[in-house]
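Structural features, examined
Chain by chain, the residues run as shown.
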Protein chains: 2
Amino acid sequence: MMYGIFSYDIALPRVGFKTGDRIHGEYILDLEVVSLLGCFAGIPVDTTVFARPCLNEFIAQGKPVWEAVGKRLAELIAHETHTLASVHDQVFIHQSRVTMHLPVQIGDYTDFYAGIYHAENVGRMFRPDAEPLLPNYRHMPVAYHGRASSIVVSGTGIRRPSGQFLDGGKPMFGPSRTLDFELELGLIIGKNSPLGVPVPVQEAEDYIFGVVLFNDWSARDIQRWEYQPLGPFLGKNFGSSMSAWVLPFSALEPCRVAGMAQQPAPLPYLQQSTPGHFDLALEVVLQTQTGDELVISRSNARHLYWSFAQMIAHHTINGCNLRIGDVLASGTISGPTPDACGSLLELTENGTRPLNLPSGQAQPFLADGDTITLRGWLGEGNKQIALGEVSGQILPSFQQFG
Amino acid sequence: MMYGIFSYDIALPRVGFKTGDRIHGEYILDLEVVSLLGCFAGIPVDTTVFARPCLNEFIAQGKPVWEAVGKRLAELIAHETHTLASVHDQVFIHQSRVTMHLPVQIGDYTDFYAGIYHAENVGRMFRPDAEPLLPNYRHMPVAYHGRASSIVVSGTGIRRPSGQFLDGGKPMFGPSRTLDFELELGLIIGKNSPLGVPVPVQEAEDYIFGVVLFNDWSARDIQRWEYQPLGPFLGKNFGSSMSAWVLPFSALEPCRVAGMAQQPAPLPYLQQSTPGHFDLALEVVLQTQTGDELVISRSNARHLYWSFAQMIAHHTINGCNLRIGDVLASGTISGPTPDACGSLLELTENGTRPLNLPSGQAQPFLADGDTITLRGWLGEGNKQIALGEVSGQILPSFQQFG
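Conventions adopted
- In this convention, every chain numbers its residues from 1, walking through the sequence in written order.
- As they are written, the chains are lettered A onward and the ligands numbered 1 onward, keeping that order.
- pLDDT decides what is reported in this predicted model: residues at 70 or higher carry local features, side-chain atom pairs at 80 or more are listed and counted, and totals for whole chains, interfaces and linings draw on all residues regardless.
- Computation of side-chain values covers all heavy atoms of the structure but excludes hydrogens and water.
- Here, two residues are considered to be in contact whenever any of their heavy atoms come within 4.5 Å of each other.
- Buried surface area refers to the total accessible area, computed with a probe of radius 1.4 Å, that the two partners give up upon joining, counted for both partners together.
- Salt bridge, as used here: a side-chain nitrogen of Lys or Arg that lies within 4 Å of a carboxyl oxygen of Asp or Glu.
- Counting of polar contacts relies on pairs of N or O atoms within 3.5 Å, with two restrictions inside protein: one atom must be capable of donating a hydrogen and the other of accepting it, and residues adjacent in sequence are counted only when both atoms are side-chain atoms.
- Only DSSP runs of H or I reaching four residues or more are called helices, and only runs of E reaching two or more are called strands; each is numbered from the N terminus.
- Classes in brief: Ala, Val, Leu, Ile, Met, Phe, Trp, Tyr, Cys and Pro nonpolar; Asp, Glu, Lys and Arg charged; the others, Gly included, polar.
- Pairing between strands is defined by DSSP: at least two bridges between them are needed.
- Here an axis means a line fitted to C-alpha atoms, over the contact stretch when the element is a helix, while the angle between two N-to-C directions is reported on a 0 to 180 degree scale.

On to the interface of chain A and chain B, then. Listed by partner, the interface residues are 59 residues for chain A and 59 residues for chain B. The junction of chain A with chain B conceals about 5,700 Å² of combined surface from both sides, 65% of it contributed by carbon and sulfur atoms. Of all residues in chain A, Arg-147, Leu-230 and Phe-233 of chain A bury the most surface against chain B, accounting for 14% of the area lost on that side. The tally of links between chain A and chain B comes to four salt bridges. The closest approach of N and O atoms between Arg-147 of chain B and Asp-326 of chain A, which form a salt bridge, is 2.7 Å. Taken together, chain A and chain B are joined by 30 residue pairs in polar contact (both at pLDDT 80 or more). If you list the elements that add at least two residues to the side of chain A that touches chain B, you get strand S7 (143-146), strand S10 (162-167), strand S11 (170-175), helix H7 (220-226) and helix H8 (308-316) of chain A. Tallying contributions element by element places S7 of chain A first for the side of chain A that touches chain B, with four residues. Residues belonging to the side of chain A that touches chain B are distributed by class as follows: 33 nonpolar, 20 polar and six charged.

The following block contains the structure:
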């Protein structure tokens with residue numbers, strides 16, 4: 001049961017709803033039409049929000065409304081009510097007919113670094129003689145601000161960035177040679193918090209509307225040369241991809257688990273009294289233009305060190321405000337084993353051990369034409385619930401300055 | 001001649017215009033009313049943009065329209081035309097009656113590090129045994145993404161942030177003890193650039209609508225503990241302040257100068273063939289609650305190492321897109337002398353040499369109740385043109401978690 005923004009034929013972008021089941025999974029329920037049919041009668045929702053080109057105004061209706069709308073939609077679909085059945089072709093639009101759009105208007109985008117195995121792998125690679133984790137890592141969910149303008153919806157091509165990097169110790173200019181993906185989850189913020197007022201960790205989950213899969217594409221060569229002392233910039237902001245479909249946060253409840261032990265105990269403002277992690281299976285699929293297609297990583301969201309609630313509490317502890325539609329991404333979610341790494345940087349040990357593809361090709365980083373798809377789900381068998389998948393193909397670099 | 005967003009009495013926020021001269025400088029010209037009077041006849045501007053609560057839609061009309069509107073307004077005011085004189089009290093609103101608002105809706109905010117004296121001062125302080133400038137500094141305008149949601153208009157109070165910092169080597173939580181300002185210029189982006197397509201350096205200035213003064217408030221203790229490896233986050237994103245009034249970029253033409261020599265020569269995509277720096281005098285005023293008021297720094301925008309055009313060319317070289325209303329701040333603009341430092345970190349050598357105030361008080365960093373005002377101008381005598389000033393007072397920290 002997910003929300004997204006779709007358009008088709010002459011219909012302008014509006015809110016759609018999709019179930020995960022076999023029968024309806026290929027169809028998008030047009031919520032503008034559903035609301036015009038009166039199906040939301042009795043729910044205090046401003047139904048004009050379903051005709052908008054982003055979810056922000058629906059989200060702004062508040063959690064009781066999301067819950068009531070979600071429940072009503074589940075009933076309508078489960079019971080194939082007369083109302084919907086009689087106008088089936090007007091309310092259920094087959095996915096082959098639609099174009100999907102970015103689900104939210106994003107104010108700010110923050111990227112955390114909450115995957116401890118990723119942080120360790122990177123530390124080990126770039127600071128081989130030091131402790132893999134920096135001293136602050138276990139004390140706070142480290143994060144940085146990313147670029148909101150270049151976040152694109154699943155299916156959008158990603159142009160290989162050009163930029164500066166070191167070649168034999170000298171700065172040179174050209175297309176990135178070490179283009180990578182990062183397997184992340186993204187939170188869609190569901191409630192504004194006022195500037196100057198922190199969100200307590202126990203209330204933090206109330207600020208989450210839903211969850212997407214998020215690919216934080218990274219140009220490792222550009223990133224390495226630019227990132228001191230202010231962090232990643234052009235190595236990241238050429239594009240990030242997110243799912244078209246947002247899974248409401250409440251859908252994760254069945255897979256809630258305790259995270260790994262946090263040692264040392266975090267400061268009180270980060271201490272969460274209830275389990276705040278989620279058993280979400282994740283996988284990364286690589287498809288090449290030469291016909292290879294394989295799962296190159298299998299990970300799980302439970303490998304995050306910091307919980308979503310801790311990320312939000314930390315983000316706002318200094319009074320920084322959150323706005324509806326903001327995206328908070330988790331950082332790369334690698335697991336403890338080599339086949340569970342959430343980036344090629346880790347999977348290929350910085351390109352030194354390229355992936356061996358079925359065709360015999362060796363793949364250190366992403367090639368033009370490659371497509372990366374991130375998938376995720378919770379539960380098993382016919383109780384399985386999928387997250388919205390996110391996919392993007394690498395386009396050749398822009399040639400004007402080539 | 002500056003643009004801003006103001007409201008008064010029952011009038012909703014709308015576009016205002018202000019001259020710098022003695023007679024009209026205290027009055028704001030209400031451009032919604034001016035447009036209703038037909039004063040923009042013959043200019044292809046959609047006059048509804050003047051009734052909007054931000055400048056973005058006016059800016060989106062394009063450079064020829066900004067220029068035509070600016071010229072018409074200058075004529076109307078210079079000649080005290082009959083039209084305006086007969087309705088003086090309806091079109092000229094005294095500044096004492098108005099509330100100013102954030103002039104633009106900001107999509108993304110980027111902060112550069114283009115002040116070379118600042119970078120050297122900081123490098124010398126924190127890496128005393130190494131080269132003050134990091135190896136990448138003279139090869140690219142280093143930058144990071146900041147927080148857009150917490151940018152506030154001049155006059156808004158800034159709450160002292162709480163957070164984590166090291167105390168005797170141990171992480172602790174509390175209100176920041178080393179709160180600072182940073183003297184910066186901000187560019188308001190005036191033209192969208194498409195995702196995937198770089199803006200050539202020679203065309204980059206066409207993407208600037210105007211200039212503001214910008215205070216990048218910084219909590220040094222929080223920043224120092226959090227910033228490895230991903231850059232500043234909570235040490236900055238509790239608030240940044242910008243001028244209410246935007247000076248059109250074209251107004252800077254008379255003070256255009258060549259910048260300092262760039263050695264080594266930057267890569268071709270950063271080579272600007274015309275002078276791209278500006279002789280803008282800048283000053284910082286500190287006012288304490290105990291009655292001290294003094295200029296604590298005098299600097300100049302010509303001390304920036306990288307030009308505005310180079311910042312834009314670099315920002316987009318990887319295909320990152322710009323949107324109307326984005327803010328690009330310069331980084332702290334310190335000059336070569338100790339009295340020209342653009343932050344207390346530098347002025348007091350990290351608090352070790354506090355400012356001596358006239359009252360006899362010693363001031364290492366900002367105290368609650370302190371107000372910092374940034375001022376700037378170009379030209380001299382009665383040809384002087386002021387930038388919009390930016391001011392903010394420090395409020396005590398939020399106490400819930402105190």
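Residue and element names in this part refer to chain A. Taken in spatial order, the five strands make up an open sheet running S4-S3-S2-S1-S5, and their pairing is antiparallel. Edge positions in the sheet fall to strand S4 (92-94) and strand S5 (98-101), since each has one partner strand and no second. Neighbour-to-neighbour, the strand axes of this sheet turn through a mean angle of 45°, independent of strand direction. Inspection of the sheet shows strand S3 (residues 27-30) paired to S4 by three bridges, in the antiparallel sense. Residue pairing across strands places Ile-28 opposite Ile-93, the latter belonging to S4. Across the sheet, helix H3 (residues 63-78) is in contact with strand S1 (2-8), strand S2 (11-18) and S3; its angle to S1 comes to roughly 70°.

What follows covers the pattern of salt bridges. Inspection of the entire model under this criterion finds 43 salt bridges over all chains. Measuring nitrogen to oxygen at the nearest pair gives 3.0 Å for the salt bridge that ties Lys-236 of chain B to Glu-182 of chain B. One end of the pair, Lys-236 of chain B, is in the loop between helix H7 (220-226) and strand S16 (240-242); the other, Glu-182 of chain B, is in the loop between strand S12 (179-180) and strand S13 (183-189), with 54 residues separating them in the sequence. Between Arg-256 of chain B and Glu-253 of chain B there is a salt bridge, with its nearest N and O atoms 2.6 Å apart. Each of Asp-180, Glu-182, Asp-216, Arg-220 and Lys-236 of chain A takes part in one network of salt bridges that share partners.

Right, let's talk about the sheet that holds strand S3 (residues 27-30) of chain B for a bit. Residue and element names in this part refer to chain B. Strands sit in the order S4-S3-S2-S1-S5 across an open sheet of five strands; the sheet is antiparallel. The open sheet terminates on both sides in strands that have one partner only, identified here as strand S4 (92-94) and strand S5 (98-101). Pairs of neighbouring strands in the sheet enclose a mean axial angle of 45°, with direction left out of account. As judged from the four bridges shared by strand S1 (residues 2-8) and S5, these two strands associate in the antiparallel manner.

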